[in-house]
Amino acid sequence: LGLISIGPVSPSSGWKEWVQNQVLSKGLYLGFKSYSVHQLLGRYFTEETLENPYDLLEIYTRDVSRIHPNSIRNYIQTVNDRPELNFFKLEFDTLVLVGRESSLYEEGEDYCADVCPSRMELVEFENMAHLLTVQCPNLLVDPVRLFFQ
């Protein structure tokens, strides 16, 4: 039995994430939806990815832009209000996969601090952001295979 955490965030919202979420929420409330969508996508993709015309990014942008601003604000509020969990008491091994270029990288480090070090393996990916399964699915195969062995 084990847990694979891909791009995790800390068990509770930190001050930096809280401020980012408040700015996004207020931007949506005031009608700055395109700005807020760009900032939201900036959490999950590297700056390089955002600057290039990738089909996948266009699909994400189009799909997120179709969501009503109140629904996006509710999502952001839910992320802010997530309950605090105690991962240190986990009685199984955990594989943590994080992208170094993610704006949520520090939250991933906080997540790792909350997991028992003897039961956790951390794998960091250079030049990758939060959505590792989208940006580099082929690079995840070997760490996951080794974790299952």
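The model shown is predicted, which means the values in this text are computed figures rather than measured ones.

Trainee: Can you help me understand unusual backbone geometry in this one?
Mentor: Phi is mostly negative for residues that are not glycine, and the peptide bonds are mostly trans. Here N127, not a glycine, exhibits a phi torsion of approximately 60°, which is positive. Tracing the sequence through the fold places N127 in the loop between β3 (120–125) and α7 (132–135). Among the residues examined, N127 registers a relative accessible area of 54% and is labelled exposed.

Trainee: It is not clear to me how the packing of aromatic side chains should be interpreted in this structure. Could you clarify?
Mentor: What characterises a pair of aromatic rings is the spacing of the ring centres plus the angle enclosed by the ring planes. In the structure shown here, the tally under the stated rule is 1 aromatic pair. Ring geometry for F147 versus F148: centroids 5.8 Å apart, planes at 55°, classification tilted.

Trainee: Mind showing me how you'd approach the nonpolar core here?
Mentor: In summary, soluble globular proteins display a tendency toward joint burial of nonpolar side chains. Core analysis: the biggest nonpolar cluster contains 14 residues, and L41, Y44, F45 and I72 have the highest contact counts within it. Where this core is concerned, the elements lending two or more residues are α1 (15–29), α2 (33–44), α4 (55–65) and α5 (69–80). No other element matches α2, which puts 4 residues into this core. Ignoring anything within four residues of it in the chain, the contact list for Y44 reads Y75, L104, A129, H130, L131 and Q135.

Trainee: Is there a simple way to think about the environment of V141 in this case?
Mentor: Along the chain, V141 falls in helix α8 (residues 137–148). The exposure class of V141 is partly exposed, given its relative accessible area of 41%.

Trainee: Looking at this model, I keep getting lost on the pattern of salt bridges. Mind explaining?
Mentor: As enumerated under the stated definition, the model contains 6 salt bridges in all. Across the pair R66 and D63 runs a salt bridge, and its minimum N-O distance is 4.0 Å. Residue R66 is classed as exposed on the basis of its relative accessible area, which comes to 63%. According to the relative accessible area criterion, D63 is partly exposed, its value standing at 35%. Taking the shortest distance from any N to any O, the salt bridge between E126 and R100 comes out at 3.9 Å. Of this pair, E126 sits in the loop between β3 and α7 while R100 is found in the loop between β2 (93–99) and α6 (105–113), placing the two residues 26 residues apart along the sequence. When its relative accessible area of 34% is taken as the criterion, R100 is described as partly exposed. Counted as one network, the salt bridges with shared partners bring together R62, D63 and R66.

Calculation notes
- Residues numbered from 1 in each chain as written.
- Predicted model: local features only at pLDDT ≥ 70, side-chain atom pairs only at ≥ 80, totals over all residues.
- Heavy atoms only, no water.
- Helix = DSSP H or I, 4+ residues; strand = E, 2+ residues; numbered from the N terminus.
- Buried < 20%, exposed > 50% of the residue type's maximum accessible area, 1.4 Å probe, protein only.
- Phe/Tyr/Trp six-rings, centres within 6.5 Å; stacked < 30°, edge-to-face > 60°.
- Core = buried A, V, L, I, M, F, W, Y, C linked by side-chain atoms within 4.5 Å.
- Contact = heavy atoms within 4.5 Å.
- Salt bridge = Lys/Arg side-chain N within 4 Å of Asp/Glu carboxyl O.

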